[in-house]
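Breakdown of the fold
Listed below, chain by chain, are the residues.
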Amino acid sequence: GGGIDFKEVNFGYAPEKTILKNISFSVGSGKTIAIVGPSGAGKSTIMRLLFRFYDIENGAIIIDGQNIKAVTQASLRKAIGVVPQDTVLFNETIKYNIKYGRIDAEDSEVILASRSADIHDKIMSFPQQYETVVGERGLRLSGGEKQRVAIARTILKSPQILLLDESTSALDTNTERNIQSALSKVCANKTTIIIAHRLSTIIHADEILVLKDGEIVERGQHEKLLEQN
Ligand code: ADP
Ligand code: ADP
């Protein structure tokens with residue numbers, strides 16, 4: 001599951017002030033799409049509409065063949081996982097931090113999620129420098145490692161759709177690239193991913209939409225867009 005269709009979606013926060021103009025795109029189940037554009041282009045607005053934080057004036061948003069108008073916000077929240085920009089971690093082990101939100105998870109599931117996000121070697125450490133349960137020094141985590149914890153936490157909840165908002169990311173481009181390719185690998189064919197970003201150069205996605213002032217001005221595969229820009 002997790003296929004998404006936006007059909008001629010128009011939306012504004014205030015009457016007569018359209019923010020999104022005629023947005024149409026499809027993401028196949030298990031595919032990754034990136035929405036790229038400058039701040040204010042409308043990337044977060046598209047993500048908010050997926051949760052029905054706002055209802056659209058015209059057009060339709062379809063998930064797995066069903067218009068989300070007929071789906072409750074609660075079930076949308078279950079189906080869609082968000083990896084936040086900045087994850088605040090508890091002063092507990094990384095393992096606890098990954099399980100947070102699914103405290104019933106089996107160890108085998110936690111191991112799988114943490115391996116997938118490439119943070120498994122640190123699950124008994126603490127996010128800050130503290131004594132760990134085994135009496136070793138805990139490692140301070142880098143920004144990239146914190147995001148891997150957030151990804152492992154999201155993967156553990158096995159959402160059908162995963163949103164990765166990198167639009168104000170402070171990570172270096174190499175770390176971002178690694179995280180995106182790790183994520184695509186883990187989620188391949190299982191989870192549909194939407195990535196929001198300012199730049200198209202670092203994106204790892206099946207398709208890229210370039211958004212400007214609420215309009216899709218370009219779309220295509222990575223290499224093609226790079227040639228043009
Ligand atoms: P991006 O995520 O690409 O930076 P946003 O979707 O946050 O862009 O914003 C798109 C436009 O909508 C901007 O002009 C922004 O000022 C406006 N906007 C965003 N959120 C709100 C809101 N809650 N109320 C009114 N206008 C908003
Ligand atoms: P980034 O460039 O991603 O922010 P950092 O330079 O913060 O990365 O950290 C790089 C590596 O060094 C990480 O693996 C992190 O766990 C480790 N590290 C950073 N600071 C400390 C510290 N004070 N004690 C132990 N390990 C640390």
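Check the entry above for the structure.
Values in this document were obtained by computation on a predicted structure and should not be read as measured data. (Residues numbered from 1 in each chain as written. Chains lettered and ligands numbered in written order. Predicted model: local features only at pLDDT ≥ 70, side-chain atom pairs only at ≥ 80, totals over all residues. Heavy atoms only, no water.)

Once that is clear, we can look at the sheet that holds strand S1 (residues 4-11). A sheet is described by the order of its strands in space; here four strands give the open sequence S2-S1-S4-S5, paired in antiparallel fashion. Whereas interior strands pair on both sides, the edge strands pair on one side only; in this sheet they are strand S2 (20-27) and strand S5 (66-67). Contacting S1, S2 and strand S4 (58-63), helix H1 (residues 43-50) crosses the sheet at an angle of about 115 degrees to S1. (Pairing = 2+ DSSP bridges. Helix = DSSP H or I, 4+ residues; strand = E, 2+ residues; numbered from the N terminus. Contact = heavy atoms within 4.5 Å. Axes fitted to C-alpha atoms, helices over the stretch in contact; angles between N-to-C directions.)

Right, let's talk about the environment of alanine 117 for a bit. Summarising the element assignment, alanine 117 is placed in the loop between helix H4 (107-116) and helix H5 (143-156). Remark: the alpha-carbon pair of alanine 117 and serine 75, spanning 42 residues in sequence, is separated by 25 Å. The residues contacting alanine 117, other than those within four sequence positions of it, are Arg148, Ile151 and Ala152.

Taking 1.5 Å per residue, 14 residues should reach 20 Å; H5 reaches 20 Å between its end C-alpha atoms and fits that length. Inspection of H5 places Gly144, Glu145, Gln147, Arg148, Val149, Ala150, Ile151, Ala152, Arg153, Thr154, Ile155 and Leu156 among the buried residues, and these make up the whole buried set. For H5, the secondary structure elements touched by its buried residues are strand S6 (80-83), helix H3 (94-99), H4, strand S7 (161-165) and helix H6 (173-187). Phi for serine 158, located one or two positions after H5, is positive at around 30 degrees. (Expected span 1.5 Å × (residues − 1). Buried < 20%, exposed > 50% of the residue type's maximum accessible area, 1.4 Å probe, protein only.)

Another aspect to go through is the sheet that holds S7. Spatial ordering of the open sheet is given by S6-S7-S8-S3-S9-S10, a layout of six strands whose pairing is mixed. Looking at which strands have only one partner, the edges of the open sheet turn out to be S6 and strand S10 (215-220). Neighbour-to-neighbour, the strand axes of this sheet turn through a mean angle of 20 degrees, independent of strand direction. Note: strand S3 (residues 32-36) against strand S9 (residues 207-212), four bridges, orientation parallel.

Time to look at the site of ligand 1. Neighbouring residues of ligand 1: Tyr13, Ile19, Pro38, Ser39, Gly40, Ala41, Gly42, Lys43, Ser44, Thr45, Arg48 and Tyr54. Alanine 41 has a polar backbone atom sitting 3.2 Å from an oxygen atom of ligand 1. Note that an oxygen atom of ligand 1 is positioned 2.9 Å from one of the backbone N or O atoms of glycine 42. Burial of ligand 1 by the protein amounts to 61% of the accessible area it has alone, namely 560 Å². (Near = heavy atom within 4 Å. Polar contact = N/O pair within 3.5 Å; in protein donor to acceptor, adjacent residues only side chain to side chain. Areas by Shrake-Rupley, 256 points an atom, 1.4 Å probe, with all protein chains shown as cover.)

Core analysis: the largest hydrophobic core is formed by 30 residues, its most contacted members being Ile94, Ile98, Ile119, Val149, Ile151, Leu162 and Leu183. Among the elements of the structure, S3, H3, H4, H5, S7, H6, strand S8 (192-197) and S9 are those that each provide at least two residues to this core. When residues in this core are grouped by element, the largest group, six residues, is from H5. (Core = buried A, V, L, I, M, F, W, Y, C linked by side-chain atoms within 4.5 Å.)

Another aspect to go through is the side chain of aspartate 165. By the element assignment, aspartate 165 lies in strand S7. Of the buried charged residues, aspartate 165 lacks a salt bridge, with lysine 43 as the closest side chain of opposite charge at 6.9 Å. Sequence-distant contacts of aspartate 165, that is, excluding residues within four places in its chain, are made with Ser44, Val83, Gln85 and Ala196. (Lys, Arg positive; Asp, Glu negative; His and termini not counted. Salt bridge = Lys/Arg side-chain N within 4 Å of Asp/Glu carboxyl O.)

This part takes up the pairing of S10. Look at any regular strand and the pattern is simple: side chains alternate between the two faces of the sheet. Examined bridge by bridge, S9 and S10 share five bridges and lie antiparallel to one another. For lysine 212, the partnering residue across the bridge sits in S10 and is glutamate 215. In this antiparallel pair of consecutive strands, S9 and S10, the connection spans two residues, and aspartate 213 shows a positive phi of 45 degrees.

Our next topic: the packing of H5 against H6. In the contact formed by H5 and H6, the axes pass within 11 Å of each other and the chain directions differ by 15 degrees. By the angle class used here, H5 and H6 are roughly parallel. Where H5 crosses over H6, the handedness of that crossing is right-handed. Within the contact between the two elements, H5 uses Gly144, Gln147, Arg148, Ile151 and Ile155 and H6 uses Thr175, Asn178, Ile179, Ala182, Leu183 and Val186. Of the residues that constitute the contact of H5 with H6, the class distribution is six nonpolar, four polar and one charged. (Parallel < 35°, antiparallel > 145°, perpendicular 65-115°, else oblique. Left-handed = near helix turned anticlockwise from the far one by under 90°. Nonpolar A, V, L, I, M, F, W, Y, C, P; charged D, E, K, R; others polar.)

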